[in-house]
Amino acid sequence: MGLLDFFTKRQKLSTVLPQIPFNGQVAIQQGIITWQGGDNISFVRDGYSANDIVYSIVKLITDKAKLAPFHVYKVVDERAAKKYKALMSQPDKIENWKDVEKLHKKAFELYTGDARLNELLKYPNSEDTFGDFVEAWCSFKLITGNSFVYAKMIEGGNNNGKPFEMYVLPSQYMYVLADIQNFPPTIAGYQLNYGPLWNFTKQEILQDKYFNPQWNTTGNQLYGQSPLMAAARNLTRSNEAKTAAVASFQNGGPAGVLFMNDERFDPISGQQQAQALKRAVSEKGGSANFNSIAVSGYKVDWKQIGLSPVELDIIESEKWDMKALCNIYGVPAQLLNDSDNKTYNNQREGEKALTLRCAIPLLTGIRDNLNRKLHSDWGYRGTDIYVDFDASVYGELEANKAEQVEWLDKAWWIAPKQKMDIMGLEIPPYIDENEMEKLYIPSSLQSPDEFQPLTLPNE
């Protein structure tokens, strides 16, 4: 069943929370409707949908994030699992991803005992793949600071209370119902302003959000702060610069005025000469007449009355806007055709930074919030089931093989078997494994006891 069908049937459930039109201070079962939608609607409309830089940045991040598949695991080593989670909380500090992969295998094993959950991580609903689902989740969080996921629950049977379908809801139209009777304010429920007001219980919605320091008495801090809030001035400047450039091209009118500047010129009797000059200049336009010369029998002058986008410094300002918006999201500017950083090494390091600083933190948020809801409200409380993403799909995290081989060739103190493990290679069956565990010292090396100083001949 699609989301539209769900909304049709959802009308029967409207008694969960009464549908009361928003007036900013309406109490709903000890809750107050808080609202950030005005800003969020603007961020979607004027940011992602209307600004090519923001669109490109968000698309770059989400295209990277949705590559990683999610799987269902079972925890087999709790200590290793905690160590793995601690390492993944700072992915940019990890030096050897092979060790992380080994730690993950030690902590978890694939679990196929829950067919419903495994299927949900392939197709969360009848319309999306899980990659589409991750893309929508990440996009809303990057644009508005919040992602809201609705889980439709199974009613009855062995899977009672477990999610049957999941949908990412449009965060720019979501209300948070805040319970302000206690301190600090907590979430009492949610509403979606999508035509009528669709009501959801707190248990049905998973909210993933960025930190928001802007507290107020009505629970504003229960929303995440959009990165575009901090970049609002840059976004406005970028949009206005584009508007000015388009206006210059489309509605700028004549760039200047060409006029006779000769004492002999009579405005009345000289009209024929003025028309001839106008015709001569017009005929010399176009690439076929490049460097050709228009001739006038009178002295003429030119007065500029408009500025080009280059003279308005619009092109240069867009470069700075791109870098500023990239900084907000942590995206390397060279991945967006920054002409100052277009070398191969910069591109390679840029892809790695995009994965470590942008994609993996978003995926970690998805993983942690999914597991939080599964083990609280979504039917898996008290189980050792764990949902996680597979980071091995990101080849840029692997060490540079050429540099690795060069270094290992000099590291005689590392056994060949360990070198093969570091390189991620299997030992060929025709090689004795015992021989691979021995240390092979180069003949040019000697111990300190055997060292003989070099004797120079007398000069």
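The residue numbers shown here count from 1 along each chain, following its written sequence. pLDDT decides what is reported in this predicted model: residues at 70 or higher carry local features, side-chain atom pairs at 80 or more are listed and counted, and totals for whole chains, interfaces and linings draw on all residues regardless. Only hydrogens and water are set aside; all other atoms, that is, all heavy atoms of the structure, feed into the side-chain values.

Okay, the overall build of the chain next. Counting its regular elements, the chain contains 15 helices and twelve strands. Only protein chains enter the accessibility calculation, which uses a 1.4 Å probe; a residue whose area is less than 20% of its type maximum is buried, one above 50% is exposed, and one in between is partly exposed. For the chain, the proportion of its 459 residues judged to be buried stands at 40%. Contacts are assigned to residue pairs with any non-hydrogen atoms lying within 4.5 Å of each other. Contacts in the chain between residues far apart in sequence, at least 24 positions, make up 67% of those at least 6 positions apart. To qualify as a helix, a DSSP run of H or I must reach at least 4 residues; to qualify as a strand, a run of E must reach at least 2; elements of each kind are numbered from the N terminus.

It is worth spelling out the packing of aromatic side chains at this point. Think of a pair of aromatic rings as described by two things: how far the centres are apart, and how the planes are tilted against each other in angle. For Phe, Tyr and Trp, rings pair up if their centres lie within 6.5 Å, where Trp contributes its six-membered ring, and each pair is then called stacked (planes under 30 degrees apart), edge-to-face (over 60) or tilted (otherwise). The full count for this structure, using the stated rule, is eleven aromatic pairs. Centroid distance Phe70 to Phe130: 5.2 Å. Interplanar angle 55°. Geometry classified as tilted. Placement of Phe70 in strand S2 (residues 70-75) and of Phe130 in helix H7 (residues 130-144) is noted, with a sequence separation of 60 residues between them. The pair Phe70 / Phe130 is uniform in exposure class, with both members buried. Between the aromatic rings of Phe133 and Trp137, the centroid separation amounts to 5.7 Å while the plane-to-plane angle is 85°, which identifies the pairing as edge-to-face. Of this pair, Phe133 and Trp137 both sit in helix H7, separated by four residues, roughly a single helical turn. Each of the two residues, Phe133 as well as Trp137, counts as buried. Connected via pairs of aromatic rings, a cluster forms that spans Phe70, Phe130, Phe133, Trp137 and Phe389.

A few words on the pairing of strand S5 (residues 163-169). For a regular strand, side-chain orientation follows a simple rule: the groups alternate between the two sheet faces. Summarising burial for S5: six of the seven residues are buried, a large majority. Criterion used throughout: strands pair if DSSP finds at least two bridges between them. In terms of strand pairing, strand S4 (residues 146-153) meets S5 through six bridges, oriented antiparallel. Across the sheet, the residue bridging to Tyr150 is Tyr167, located in S5.

A word on the pattern of salt bridges. What counts as a salt bridge is simple: a side-chain nitrogen of Lys or Arg found within 4 Å of a carboxyl oxygen of Asp or Glu. The tally for this structure, following the rule as stated, stands at 13 salt bridges. With a closest N to O distance of 3.0 Å, Glu396 and Lys64 form a salt bridge. Of this pair, Glu396 sits in the loop between strand S12 (385-389) and helix H13 (401-410) while Lys64 sits in helix H3 (residues 52-65), and the two are 332 residues apart along the sequence. Each member of the pair, Glu396 together with Lys64, is buried. A salt bridge links Lys93 to Asp92, with the nearest nitrogen and oxygen atoms 3.4 Å apart. On the basis of relative accessibility, which here comes to 53%, the residue Lys93 falls in the exposed class.

The subject of this paragraph is the sheet that holds strand S3 (residues 108-110). Spatially, the three strands line up as an open sheet ordered S3-S2-S12, and their pairing is antiparallel. Single-partner strands in this sheet number two, and they are S3 and S12. Mean inter-strand twist for the sheet, computed between neighbouring axes without regard to direction, equals 45°. Bridge analysis of S2 against S12 gives five bridges, and the strand direction is antiparallel. Residue pairing in the sheet places Phe70 in a bridge with Phe389 of S12. Throughout, an axis means a line fitted to C-alpha atoms (over the contacting stretch in the case of helices), and angles, computed between N-to-C directions, take values from 0 to 180 degrees. With respect to the sheet, helix H4 (residues 78-88) is in contact with S2, S3 and S12, its orientation differing from that of S12 by roughly 30°. Taken strand by strand, helix H5 (residues 97-107) contacts S2, S3 and S12, and its axis lies near 75° from that of S3.

Turning our eyes to something else, we now look at the packing of H4 against H5. Across the interface, H4 lies against H5 with an axial gap of 8 Å and an inter-helix angle of 145°. Crossing of H4 against H5: the hand is left-handed. Between H4 and H5, the residues in contact are Ala80, Ala81, Lys83, Tyr84, Leu87 and Met88 and Trp97, Val100, Leu103, His104, Lys106 and Ala107, respectively. Note on residue categories: nonpolar means Ala, Val, Leu, Ile, Met, Phe, Trp, Tyr, Cys or Pro, charged means Asp, Glu, Lys or Arg, and polar means any other residue, Gly included. When grouped by side-chain class, the residues that make up the contact of H4 with H5 number nine nonpolar, one polar and two charged. Handedness of each helix crossing follows the sense of rotation of the near helix against the far helix: counterclockwise by less than a right angle gives left-handed, clockwise gives right-handed.

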